[in-house]
Amino acid sequence: MCGRTACTLAPDDICRACGYKNKQDKQVQPKWQDPPGGQQYYTSYNMSPGRHTPVLVSVAHFNTDGDVRERVVQPMQWGLVPSWHKGEPSSVGYNMNNCRSDGMLTKRSFKSPLEKGQRCVVLADGFYEWHTGKVGKKQPYFIYFPQATYTEPKEEIKEETKESGDDDVGVEWKGRRLLTMAGVFDKWTPKEGGAPLFTYSIITVDSSPAMTWIHHRMPAILDGDNEVRDWLDFGAIPLSKAVKLIRPVTCIQSHPVSTVVNNSRNNTPECITKVDLENPKKSASSKLMMSWLGKHKKEPDGQSVEIKKEDTVTEPDDKKLKQS
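Residue indices follow the written sequence of each chain, beginning from 1 at its first position. The model is predicted, so local features are restricted to residues of pLDDT at least 70 and side-chain atom pairs to those at 80 or more, both for listing and for counting; the totals for chains, interfaces and linings are taken over all residues. Side-chain metrics rest on all non-hydrogen atoms present in the structure, leaving aside hydrogens and water.

Novice: I tried to follow the packing of aromatic side chains on my own but got confused; where do I start?
Specialist: Any two rings among Phe, Tyr and Trp, with Trp reduced to its six-membered ring, count as a pair given centres within 6.5 Å; such a pair is stacked if its planes are under 30 degrees apart, edge-to-face if over 60, and tilted if neither. Applying the stated criterion across every chain, the model contains seven aromatic pairs. For the ring pair Trp-32 and Tyr-41, a centre distance of 5.7 Å and an interplane angle of 50 degrees mean the geometry is tilted. Partly exposed residues are those whose accessible area sits between 20% and 50% of the maximum for their type, while under 20% is buried and over 50% is exposed, using a 1.4 Å probe and protein chains only. Residue class for Trp-32 comes out partly exposed when judged on its relative accessible area of 22%. Judged by its relative accessible area of 8%, Tyr-41 is buried. Aromatic side chains Phe-62 and Phe-198 sit 5.5 Å apart centroid to centroid with 55 degrees between the ring planes, which places their arrangement in the tilted category. Of the two residues, Phe-62 is situated in the loop between β6 (52–58) and β7 (71–78) and Phe-198 in strand β13 (residues 197–206); the sequence distance between them amounts to 136 residues. On the basis of relative accessible area, Phe-198 is assigned to the buried category, the value being 12%. Connected via pairs of aromatic rings, a cluster forms that spans Tyr-128, Trp-130, Phe-142 and Tyr-144. Over the face of the ring belonging to Tyr-20 we find Arg-71, whose NZ or CZ atom lies 4.2 Å from the ring centre. For Arg-119, the ring lying beneath its charged end belongs to Trp-231, and the centroid distance is 5.3 Å. In this description a helix means any DSSP run of H or I spanning at least four residues, a strand means any run of E spanning at least two, and both kinds are numbered starting from the N terminus. Whether a charge sits over a ring comes down to the Lys NZ or Arg CZ being within 6 Å of the ring centre and within 35 degrees of the ring normal.

Shown next, in the form of structure tokens:
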């Protein structure tokens, strides 16, 4: 299961982080292209379904004359909307953020695009999962690829940097290693015409020993560029062979984070910062809330103030899609 991620790199840095060798064995970077219809990708420490996030795909999906081995990064909406769906896409996507591996070749919503070669790689700094303790308390964890060095996140996310140029192509990326998750995408077009909507689902599998103690499901993670290449190359790698890449992996690490991430509206470095469960400290947001409650506990007339609960995380699950 995967219902929340973080992706904090700007577009040009994402392209540099996804460098690969082309058929001439030359180090190149995928191009970035914005999605149609004016939708945009915005960096976030707390991504939830419905947002547009970076997805790596073969350029041949957008250019029939393009080399299937060449790649492009395009943001797509998280939560697959089948191409054949009738009605508003918003009624479908939030229930389709995950694609269970045991049903991806039988359910029409996933089988159809996979048979067309519409395989993608979902990019993120990492994803969140909640471990349920003995007393029912849920503790969030941030899961990601092991990094060469770990540095605490900066207070601000870099929104824009200089555009990638030819002088950057051969330079080895020394920043964060992005998590690469196998996905399936589709293109939905409004019946009345207009810009198409590209959407995706993250394929999930039973958890590996590295994850089972946190949760029984995990994303299908592609470890290394060879696996990314084979998943994307629908021309040379048939689906029957590509699905062998869909399995649990142990090449991940995790650390506990603040429950501030439970609210999808919270978007600060605190979401991914490691916390000490043995010596918990109140977060800045918690201190602010306690201060507010202390000051506004009662109105002048003695009546208690109604405190509305913030939206809390809900664990997404696959639901049967009603076909029109």
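Picking up where we left off.
Novice: Is there a simple way to explain the sheet that holds strand β1 (residues 5–7) in this structure?
Specialist: Note on sheets: strands pair through backbone hydrogen bonds, and any given pair is parallel or antiparallel. Spatially, the five strands line up as an open sheet ordered β5-β1-β10-β11-β15, and their pairing is antiparallel. The strands lining the two open edges of the sheet, one partner per strand, are β5 (44–47) and β15 (253–256). Going from strand to strand, the sheet's axes swing by 30 degrees on average, the running direction of each strand aside. Whether two strands pair comes down to DSSP finding at least two bridges between them. As defined by bridge partners, β1 adjoins β5 across two bridges and the pair is classed as antiparallel. The residue bridging Thr-5 from the neighbouring strand is Met-47, located in β5. Here, axes are lines fitted to C-alpha atoms. For helices the fit covers the stretch in contact, and angles between N-to-C directions go from 0 to 180 degrees.

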